[in-house]
Amino acid sequence: MTSNSTEHLIAARRGDSTRRRQRVLDALTRLRADGAEITISSVARTAGVDRSFLYRHHDLRAQILTVAAEPEPPPSSTRTSYRSLLADVANLRAQNERLRQQNTKLADRLSEVLGEQVLHDAGLTGHDEIGTLRERTAELEQQLLDRQHELQDRDDELAAARATNRDLMATLNSRPQPPRAQHL
């Protein structure tokens, strides 16, 4: 290659780099004006350049990060910013969860009231008997828990006894056997 063709290639490369830098700056301005999220990836995507281009040009990357860290300017139009939309979504999700919990509590309470009404209409129990039945249910549940704990304790004792028995059998089997007397 001649020195003239090398200079031509260098000039073409510089011109391409300048055009890409301008596209990055234009993309950054456009994203800021739209209130969109500003990241290295979003700027590269909007400008149509590789992220590696932005990482090679430290001044552009620093400018992007600076703009991304700036607080949002007050809206000059009725467009909603990306961050505002994210905040709205988070608030709506929290409200949805609160309403779901409230709905579950109301459904449980309605089920309880309807159950009491059915029992009352059938003449099976009075209101004070419901309280007695609830107390009895609580007692039976406690007895069930006590029995489960007792059963677990006995299972643990049985497992320990079996382990001891295995150890004793292993000890007995490992002792040398005395010679047996032969019967004539």
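Summarised in this report is the structure supplied together with it.

Calculation criteria
Residues numbered from 1 in each chain as written. Predicted model: local features only at pLDDT ≥ 70, side-chain atom pairs only at ≥ 80, totals over all residues. Heavy atoms only, no water. Core = buried A, V, L, I, M, F, W, Y, C linked by side-chain atoms within 4.5 Å. Buried < 20%, exposed > 50% of the residue type's maximum accessible area, 1.4 Å probe, protein only. Helix = DSSP H or I, 4+ residues; strand = E, 2+ residues; numbered from the N terminus. Contact = heavy atoms within 4.5 Å. Salt bridge = Lys/Arg side-chain N within 4 Å of Asp/Glu carboxyl O. Polar contact = N/O pair within 3.5 Å; in protein donor to acceptor, adjacent residues only side chain to side chain. Axes fitted to C-alpha atoms, helices over the stretch in contact; angles between N-to-C directions. Parallel < 35°, antiparallel > 145°, perpendicular 65-115°, else oblique. Left-handed = near helix turned anticlockwise from the far one by under 90°. Nonpolar A, V, L, I, M, F, W, Y, C, P; charged D, E, K, R; others polar.

1. Some words on the nonpolar core
Okay, so step 1: Counting residues in hydrophobic clusters, the biggest one holds 16 residues, and the most contacted among them are Val-24, Ile-38, Val-43, Leu-54 and Ile-64.
Okay, so step 2: Broken down by secondary-structure element, the contributors of at least two residues to this core are helix H1 (3–34), helix H2 (40–47), helix H3 (51–56) and helix H4 (58–69).
Okay, so step 3: Setting aside residues up to four positions removed in sequence, Ile-64 forms contacts with Val-24, Leu-28, Ile-38, Thr-39, Ile-40, Val-43 and Leu-54.

2. A word on the pattern of salt bridges
Okay, so step 1: Applying the stated criterion across every chain yields a total of nine salt bridges.
Okay, so step 2: Salt bridges sharing partners connect three or more residues here, namely Arg-109, Glu-112, Glu-116 and Arg-134.

3. Comments concerning the environment of Asn-165
Okay, so step 1: Here Asn-165 lies in helix H6 (residues 127–174).
Okay, so step 2: The exposure class of Asn-165 is partly exposed, given its relative accessible area of 46%.
Okay, so step 3: Remark: the alpha-carbon pair of Asn-165 and Gly-131, spanning 34 residues in sequence, is separated by 51 Å.

4. A look at the side chain of Glu-116
Okay, so step 1: Among the structural elements, Glu-116 can be located in helix H5 (residues 82–122).
Okay, so step 2: With relative accessibility at 18%, the residue Glu-116 sits in the buried group.
Okay, so step 3: One polar contact links Glu-116 to Arg-134, side chain to side chain, over a distance of 2.7 Å.

5. Re the packing of H1 against H2
Okay, so step 1: Across the interface, H1 lies against H2 with an axial gap of 8 Å and an inter-helix angle of 115 degrees. The angle between H1 and H2 places the two elements in the roughly perpendicular class. In this structure, H1 crosses over H2, and the sense of that crossing is right-handed. Contact residues: H1 offers Arg-23, Val-24, Ala-27, Leu-28, Arg-30 and Leu-31, while H2 offers Ser-42, Val-43, Thr-46 and Ala-47.
Okay, so step 2: Looking at the contact of H1 with H2 residue by residue, the classes come out as six nonpolar, two polar and two charged.

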